[in-house]
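So you can see what is in the structure, the chains are spelled out below.
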Amino acid sequence: MSDLYGGKEGTTHLVMGNEAIARGALEAGISVATGYPGTPSSEVIERLAEVAGEAGIYTEWSVNEKVALEVAAAASFAELRAIAVMKQNGVNVAADFILHLVLSGTRGGLVLVSCEDPGYLSSQNEGDSRTFARLNEIPLLEPGDFQEAKDMTKWGLELSEQIGNLVLLRSVTRMSHASGDITFGPVPGERAQARFRHEGAMLDPEGGPMLALGLRHREVQEKLKKAVALFEDSPFNTYEGPEEPELLLITSSACSLYSREAIAVLGVQDRVGLLKMGTTWPLPPELMKKNLSRCDRILVVEEVLPFLEDNVKILAAEMAPEIGIKHFYGKKSGHIPSTGELNPDLVVAALGDLMDLSYEPVPAEFREQADALVANKAPPRGLTFCPGCPHRASFWSIHNALELDGRKGFMCGDVGCYTLAILPTGFSTLRTAHSMGSGSGLASGFAKLKQFGMDQPVLAACGDSTFFHAAIPALINAVHHEADFTLVLLDNSGTAMTGFQPHPGLPISAMSDNAPAVDMEAICRSLGARVEVCDPFDLTRTRETLNDLMDDERGAKVLILRQECALSPERKASKPYEMRVDTASCVGEDCGCNRLCTRIFGCPGLVWDEAAKAARIDEVICVGCGVCADICPHEAILKEEI
Amino acid sequence: MGAARLARDPYNLIITGVGGQGNVMASRVLGNMMVKDGYHVTIGETFGASQRGGSVMSHLRISKEGSWSPQIPRGQADFIIALEPSEALRLLSVFGNPRVRVLSNTRPIHSVAVIAGDAKYPSMNEIQSSIQELSADAWFVAATDEAVKMGNPIYGNIIILGALAGTGAFPMDRESFKTVISETFPEDRVDANVRAYDLGMEMVSRSEKAHDGVTLG
């Protein structure tokens, strides 16, 4: 039995924030957990899927986040507890359903867990979905440490049930992907029975149909008021510091840990008060009044948008007759950066400035010595496709096909590992990069610009999971409107970017059960698109097929490039070729190739040996895909079947 | 093994390397060992870029008090462990201080910028002398090369953990390691990992520890 499910009440475990959220859901007795993979959210569903059998719960990787929330909401409507988990982008995908779901309300506890990415460490954006709580008038919870990540997930499910509406729980990368030791609570043994009561009157919240109706807007607000009343006494809102500090620091989420550390680093525990809020929308007014009355100077520490700052200011303005005029510091004052993630040093800087303290983390002498000896000595480590990655081979051929075509054609990008093809590792092939499925939508649009004189061929890239998530409607649009472009489906048999979760195209479910695989090739053909399939490791055939498709101007075409991700368990388990460089044949700098293999192809497993002035295989890194043997014009790279 | 107490609270340790070297696994194993020994542990990781050739870091905060920030403040590392040697240089200017100790692997992984000829990888001599200059103690271990001899470069991270125990700079209990490994890996992989750990310990203790660092392997 796994610790996550079987770990006994009162025992201590070192868990990732996402595992703490998963445990909290189990302690609340959830029956259903759904999600779509996205860093930093994926481990919540991964871990729950691993214990689904023993815990008797249902988990799935849904086709996209909107469907994930709908599947979880159905459980709630049938009086079961459920969570839907996604990254910040996903909340946008689910947004249309959220807007309507809050109007019908919920029955069994339902929590939407959004794991967000301040500082865009693993995202193209640092979207802040806290505003969705305000937009949709639902409660927002933000755990401030790992224990709270568990406890607040459990409490969020209870809260949702108490008020009869959705609750948003927001984590961030430094909480979700950080780890801490936490104490487990009990996991209930009894499982709820599912039943959807729909026979009652139209507006009966307990036994009627679940209908999103505008006339229920007032009910939504009444539910929110109930939540605020509960927030007033919540143990997740804490104050540490003197009764009357010189400065009040208000914060939430991972910023609580940075703030506590900054106060300790500066040694101002007896001068600065720390108000850590766990219930950040709506802010409980009585609790805020009490704390805002402590002093006149207030620093708000948070990441991305000034969400907390704005909401505190609104309350302070309303309360001004009672609590007096306050001076606010934070993002608007420039003390806290308006973009990017925070860390203890940034909070130290803000606090040091406001408290008139200077702080030197290391003696100047050491700093100067370090600057002289090591600053900028470590070579840059830009992002690159893995050794043996099929995308490197695919983009090699796509890039060459576009060059050979010669009409200044281009490729629209999408979301996945292959987004890295905006960089030299993918030969800078992708010329647009936006949201899930947008490459196909944009290509569909570019292709309709012929009547305005655009004569460049248009390509779009899309991964297999992304195809199911959001590209199918764009492809349908293109077929119907005879938009002339080629969609290149990079089918690497999994949601590789986020840790190889299954998707509807695979014969396996999140819970490792057999599942009917949805055939993407058949879908494309059924839409009426011309479809070709190649192995991207066959460089010549891939390039030739793509050039042929680009010359075919009859609407939308699809090229499926099928080769498993180099990190898939199957490929990791086998090395097809032993690679070596024949030093007699590699003439190094004297070859006319201008070091094509190392300067351009850029696989981490094929390095340049300065001493020998020749290419060399790094046998620790090389996975033996064999592709580099086909790019060497001098046939100096040899592959031997193992 | 070493002192049973931490030199400082929180004790700040960074494990750095390149995606795919088992950085996260090493931090998890060490963290779990310390939790078993009654400490509070907070670990901050860089993910996402991890398997795509980027630099990766795990920040460990080990404390008798409670949770700390998952990001160590600048200049506050007590120990830096580098699974890739140039990554130690990258961190020393940000997190180093006169008390910092360094344990480094000796096998370089060339970044694509180096492979393409756009950047230069410093010589091992330069790396070792810079690290020695900037640290209170330094150890260099040929962990990957030994792991390759064991049959799989992935054992490099566990050899390094064993070497860390061997330095005595840090209270690590071999029994806790065995327990954690048994809980982490399938049974058939436990022995090899314990062998790797012992090998790392041996590699450090076999050689006389010099104040200004030693090269082993």
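As the structure is a computational prediction, the values presented were derived from the model and not from experiment. (Residues numbered from 1 in each chain as written. Chains lettered and ligands numbered in written order. Predicted model: local features only at pLDDT ≥ 70, side-chain atom pairs only at ≥ 80, totals over all residues.)

Undergrad: Explain the overall build of chain B here, please?
TA: Across its full length, chain B carries eight helices and seven strands. Relative to its length of 217 residues, chain B is compact, with a C-alpha radius of gyration of 16 Å against a globular reference of 17 Å. With respect to the principal axes defined by its C-alpha atoms, chain B has extents near 45 × 40 × 40 Å. (Helix = DSSP H or I, 4+ residues; strand = E, 2+ residues; numbered from the N terminus. Rg over C-alpha atoms; globule rule 2.2 N^0.38 Å.)

Undergrad: Which parts of the structure should I look at to understand the overall build of chain A?
TA: Counting secondary structure elements, chain A contains 21 helices and 24 strands. By the compact-globule yardstick of 26 Å for 642 residues, chain A fits well, its C-alpha radius of gyration being 28 Å. With the C-alpha coordinates aligned to their principal axes, the bounding extent of chain A is approximately 80 × 75 × 60 Å. Looking at chain A as a whole, 54% of its 642 residues are labelled buried. (Buried ≥ 20, exposed ≤ 12 C-beta atoms within 10 Å, placed from the backbone.)

Undergrad: Any chance you could explain the interface of chain B and chain A here in plain terms?
TA: One widely used convention gives an interface's size as the accessible area the parts lose upon coming together. If you look at the interface, chain B gives 56 residues, while chain A gives 54 residues. Considering only residue class, the side of chain B that touches chain A consists of 24 nonpolar, 25 polar and seven charged. Of the strand pairs in this sheet, strand β8 (residues 179-183) of chain A and strand β2 (residues 40-45) of chain B are connected by two bridges, and their pairing is antiparallel. Each bridged residue has a counterpart across the sheet, and for S179 of chain A the counterpart in β2 of chain B is I43 of chain B. (Contact = placed C-beta atoms within 7 Å. Nonpolar A, V, L, I, M, F, W, Y, C, P; charged D, E, K, R; others polar. Pairing = 2+ DSSP bridges.)

Undergrad: Sorry if this is basic, but what is going on with the nonpolar core here?
TA: Counting residues in each nonpolar core, the largest one holds 256 residues, and the members touching the most others are F485 of chain A together with I80, I160 and A163 of chain B. Not counting chain neighbours up to four residues away, the residues in contact with I160 of chain B comprise A26, I81, L83, L103, N105, V141, A143 and G200 of chain B. (Core = buried A, V, L, I, M, F, W, Y, C linked by C-beta atoms within 7 Å.)

Undergrad: Whenever I open this one, the pairing of strand β1 (residues 12-16) of chain A confuses me. Can you help?
TA: The side chains of a regular strand alternate between the sheet's two faces. Residue and element names in this part refer to chain A. Most of β1 sits inside the fold, with four of its five residues counted as buried. Sheet analysis places β1 next to β8, joined by five bridges and oriented antiparallel. Across the sheet, the residue bridging to M16 is S179, located in β8.

Undergrad: Would you mind showing me how to read the packing of helix α14 (residues 364-373) of chain A against helix α4 (residues 124-134) of chain B here?
TA: Between α14 of chain A and α4 of chain B, whose axes approach to 10 Å, the crossing angle comes to 175°. On the basis of the axis angle, α14 of chain A is roughly antiparallel to α4 of chain B. Facing Q369, A370 and L373 of chain A of α14 of chain A, the residues of α4 of chain B in contact are S130, E133 and L134 of chain B. Tallied by class, the residues present in the contact of α14 of chain A with α4 of chain B amount to three nonpolar, two polar and one charged. (Axes fitted to C-alpha atoms, helices over the stretch in contact; angles between N-to-C directions. Parallel < 35°, antiparallel > 145°, perpendicular 65-115°, else oblique.)

Undergrad: Could you clarify how one ought to interpret the sheet that holds strand β13 (residues 297-301) of chain A in this entry?
TA: The strands that make up a sheet pair up through hydrogen bonds in the backbone, lying either parallel or antiparallel. Residues and elements named next belong to chain A. Pairing is mixed in the open sheet, where five strands are placed in the order β9-β11-β10-β13-β14. Every interior strand has two partners, whereas the edge strands, β9 (238-240) and β14 (327-329), have only one. Averaged over all pairs of adjacent strands, the angle between strand axes in this sheet comes to 20°, irrespective of strand direction. Bridge analysis of strand β10 (residues 247-251) against strand β11 (residues 272-276) gives five bridges, and the strand direction is parallel. In the sheet register, L247 faces β11, and the bridge partner there is V272.

Undergrad: Explanation requested: the sheet that holds strand β12 (residues 279-281) of chain A in the structure shown.
TA: All names here are of chain A. If you trace the seven strands from one edge of the open sheet to the other, you get β3-β2-β4-β5-β7-β6-β12, paired in mixed fashion. Across the chains shown, the open sheet's two edge strands, defined by having one partner strand only, are β3 (58-61) and β12. For strand β5 (residues 110-116) and strand β7 (residues 167-172), the ladder comprises six bridges, and the chain directions are parallel. Its bridge partner being in β7, E116 is matched across the sheet by V172. Contacts from helix α5 (residues 88-104) reach β4 (82-87) and β5, with the element oriented near 120° to β4.

Undergrad: I tried to follow helix α4 (residues 65-77) of chain A on my own but got confused; where do I start?
TA: For the α-helix, the turn length of 3.6 residues means that residues three or four positions removed from each other point alike. Residues and elements named next belong to chain A. Given a rise of 1.5 Å per residue, 13 residues ought to cover 18 Å, and the 18 Å separating the end C-alpha atoms of α4 matches this to within 8%. Regarding α4, the residues found buried are E65, K66, A68, L69, A72, A73, A75, S76 and F77. Along its buried surface, α4 packs onto β2 (32-35), β4, α5 and β5. Directly after α4, the chain includes E79, whose backbone phi takes a positive value near 70°. (Expected span 1.5 Å × (residues − 1).)

Undergrad: When you look at the domain arrangement of chain A in this model, what are you seeing that I'm missing?
TA: All names here are of chain A. Each assigned domain of chain A is listed here: domain 1 (3-186 + 198-231), domain 2 (238-355), domain 3 (390-566) and domain 4 (575-641). Taken over C-alpha atoms, the centre of domain 1 sits 33 Å from the centre of domain 3. Contacts between the two partners involve 17 residues from domain 1 and, on the opposite side, 15 residues from domain 3. Elements with a minimum of two residues in the side of domain 1 that touches domain 3: α3 (43-55) and β3. Counting residues per element, the side of domain 1 that touches domain 3 draws most heavily on α3, at five residues. When grouped by side-chain class, the residues that make up the side of domain 1 that touches domain 3 number seven nonpolar, eight polar and two charged. (Domains from an automatic or database assignment.)

Undergrad: Just checking my understanding: could you explain the confidence of the model for chain B for this structure?
TA: A low pLDDT score tells you not to read the predicted coordinates there in detail. Residues and elements named next belong to chain B. Confidence along chain B averages 90 in pLDDT terms, with 91% of residues attaining 70 or more. Across chain B, element-level confidence peaks in strand β4 (residues 79-82) with a mean pLDDT of 98 and bottoms out in strand β7 (residues 214-215) with 52. Note on the complex model: pTM 0.96, ipTM 0.93. (pLDDT = per-residue confidence, 0-100.)

Undergrad: Sorry if this is basic, but what is going on with the packing of helix α7 (residues 174-184) of chain B against helix α8 (residues 187-205) of chain B here?
TA: In helix packing, the relevant descriptors are the interaxial angle and the interaxial distance, both defined with respect to the helix axes. All names here are of chain B. Where α7 contacts α8, the two axes come as close as 10 Å, and the packing angle between them is 145°. As for how α7 packs across α8, the hand of that crossing is right-handed. On the side of α7, the interface is formed by F177, K178, I181 and S182, while α8 contributes V190, N193, V194 and Y197. Split by residue class, the contact of α7 with α8 holds five nonpolar, two polar and one charged. (Left-handed = near helix turned anticlockwise from the far one by under 90°.)

Undergrad: I keep staring at the pairing of strand β23 (residues 614-617) of chain A and nothing clicks. Help me out?
TA: Residue and element names in this part refer to chain A. Sheet analysis places strand β22 (residues 606-609) next to β23, joined by four bridges and oriented antiparallel. The partner of L606 across the bridge, within β23, is I617. Where β22 folds back onto β23 in an antiparallel hairpin, the turn is made up of four residues, including K613, whose phi is positive at roughly 50°.

Undergrad: Which parts of the structure should I look at to understand the environment of P10 of chain B?
TA: All names here are of chain B. Among the secondary structure elements, P10 is positioned in the segment before β1 (11-18). Assessed through the 25 C-beta atoms surrounding it within 10 Å, P10 is described here as buried. Put simply, P10 and D173 are 163 residues apart on the chain and 19 Å apart in space, counted from C-alpha to C-alpha.

Undergrad: How should I be thinking about helix α15 (residues 390-405) of chain A in this particular structure?
TA: All names here are of chain A. An ideal rise of 1.5 Å per residue puts 22 Å on 16 residues; α15 measures up with 23 Å between its terminal C-alpha atoms. Residues of α15 that are buried sit in contact with β15 (410-412), β17 (458-463), β18 (486-491), α19 (539-551) and β20 (557-562). One or two residues past the end of α15 sits G406, with phi positive at roughly 80°.

Undergrad: Sorry if this is basic, but what is going on with unusual backbone geometry here?
TA: Trans is the prevailing form of peptide bonds, just as negative phi is the prevailing case for residues other than glycine. For the bond from T39 of chain A to P40 of chain A, the omega torsion is 10°, close enough to zero to count as cis. Here P40 of chain A is to be found in the loop between β2 and α3. In this model, D9 of chain B is joined to P10 of chain B through a cis peptide bond whose omega is 0°. For K408 of chain A, which is not glycine, the phi torsion reads 60° and is therefore positive. Locating K408 of chain A in the fold gives a position in the loop between α15 and β15. The class of K408 of chain A is exposed, set by 10 C-beta atoms lying within 10 Å.

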